[in-house]
Amino acid sequence: MNEIKKIATDDKEKFYNYMNLKLTGLICEEPDWLANLSNASALLWLLLDEINWAGFYLYKNGELVLGPFQGKPACTHIAIGKGVCGTAAKDLETQVVKDVHLFPGHIACDAASQSEIVVPIVHEGKLIGVLDIDSPIKERFDEADAKGLQKFVDTLNKYMDWSKIV
């Protein structure tokens, strides 16, 4: 495996293109969903600056259940419609939260988190889970991040066999 290096750029589109290229290399030939989501969360952790949590919650038995991640221990179950993750899952829309303390019902798994972005993972019209990234910096995420992370989820959808998740 080739070493993945951080790149220094203020161009978010260029950054996310680089990250998605690296994600493709990690998952395109690996059939195991757990290995792929583990590597995807590690890639986010490695390449994104100013974050304190990056990972996945998977939709299972009517709720979101903690999946592969990088960061401090996290909440293991999140009800649909609760907190930022549950809201993204319910509405099937990316949530860009510039200040988590102003988000009604925010679930604080890490007191250091100040902002958050959550991208729902939807495949063939079905909720699979969410990609969740937290930052200790207010206003860390913006629409350029939402666009880049949506492409990250699109890359996952292209190569993942979601039917294998147990």
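The chain is annotated in an unreviewed UniProt entry as GAF domain-containing protein from Anaerosolibacter carboniphilus. Database annotation for the chain, UniProt heading Sequence similarities (unreviewed entry): "Belongs to the free Met sulfoxide reductase family."

Describing the sheet that holds strand β5 (residues 115-123)
Whether parallel or antiparallel, the strands of a sheet pair through hydrogen bonds between backbone atoms. The strand order across the open sheet formed by six strands is β3-β2-β1-β6-β5-β4, and the pairing between neighbours is antiparallel. Single-partner strands in this sheet number two, and they are β3 (77-79) and β4 (95-97). Here the average twist between neighbouring strands, direction ignored, is 25°. Taken together, the nine bridges between β5 and strand β6 (residues 126-135) define a ladder with antiparallel strand orientation. Directly across from Glu116, in β6, lies its bridge partner Asp134. Contacts between helix α3 (residues 83-91) and the sheet are confined to β1 (53-60), β2 (63-71), β3, β4, β5 and β6, with β5 contributing the most and set at about 35° to the helix. Packing of helix α4 (residues 143-159) onto the sheet brings it into contact with β1, β4, β5 and β6, and relative to β5 it is tilted by some 35°.

Observations concerning the environment of Glu29
Within the secondary structure, Glu29 is located in the loop between α1 (12-27) and α2 (33-47). Residues Glu29 and Met160 lie 131 residues apart in sequence; the distance between their C-alpha atoms is 9.8 Å.

Things to note about the pattern of salt bridges
Enumeration according to the criterion identifies six salt bridges in this entry. Asp49 is the partner of Lys6 in a salt bridge, and the nearest nitrogen-oxygen pair spans 2.8 Å. You can see Lys6 sitting in the segment before α1 and its partner Asp49 sitting in the loop between α2 and β1, a full 43 residues away along the chain. Residue Lys6 is classed as partly exposed on the basis of its relative accessible area, which comes to 46%. Owing to a relative accessible area of 45%, Asp49 belongs among the partly exposed residues under this scheme. Between Asp142 and Lys12 there is a salt bridge, with its nearest N and O atoms 3.1 Å apart. On the criterion of sequence distance, the pair formed by Asp142 in the loop between β6 and α4 and Lys12 in helix α1 is long-range, its members being 130 residues apart. We classify Asp142 as partly exposed; its relative accessible area is 29%.

Conventions adopted
Residues numbered from 1 in each chain as written. Predicted model: local features only at pLDDT ≥ 70, side-chain atom pairs only at ≥ 80, totals over all residues. Heavy atoms only, no water. UniProt positions renumbered as here; feature names shortened; annotations may be inferred. Pairing = 2+ DSSP bridges. Helix = DSSP H or I, 4+ residues; strand = E, 2+ residues; numbered from the N terminus. Axes fitted to C-alpha atoms, helices over the stretch in contact; angles between N-to-C directions. Contact = heavy atoms within 4.5 Å. Salt bridge = Lys/Arg side-chain N within 4 Å of Asp/Glu carboxyl O. Buried < 20%, exposed > 50% of the residue type's maximum accessible area, 1.4 Å probe, protein only.

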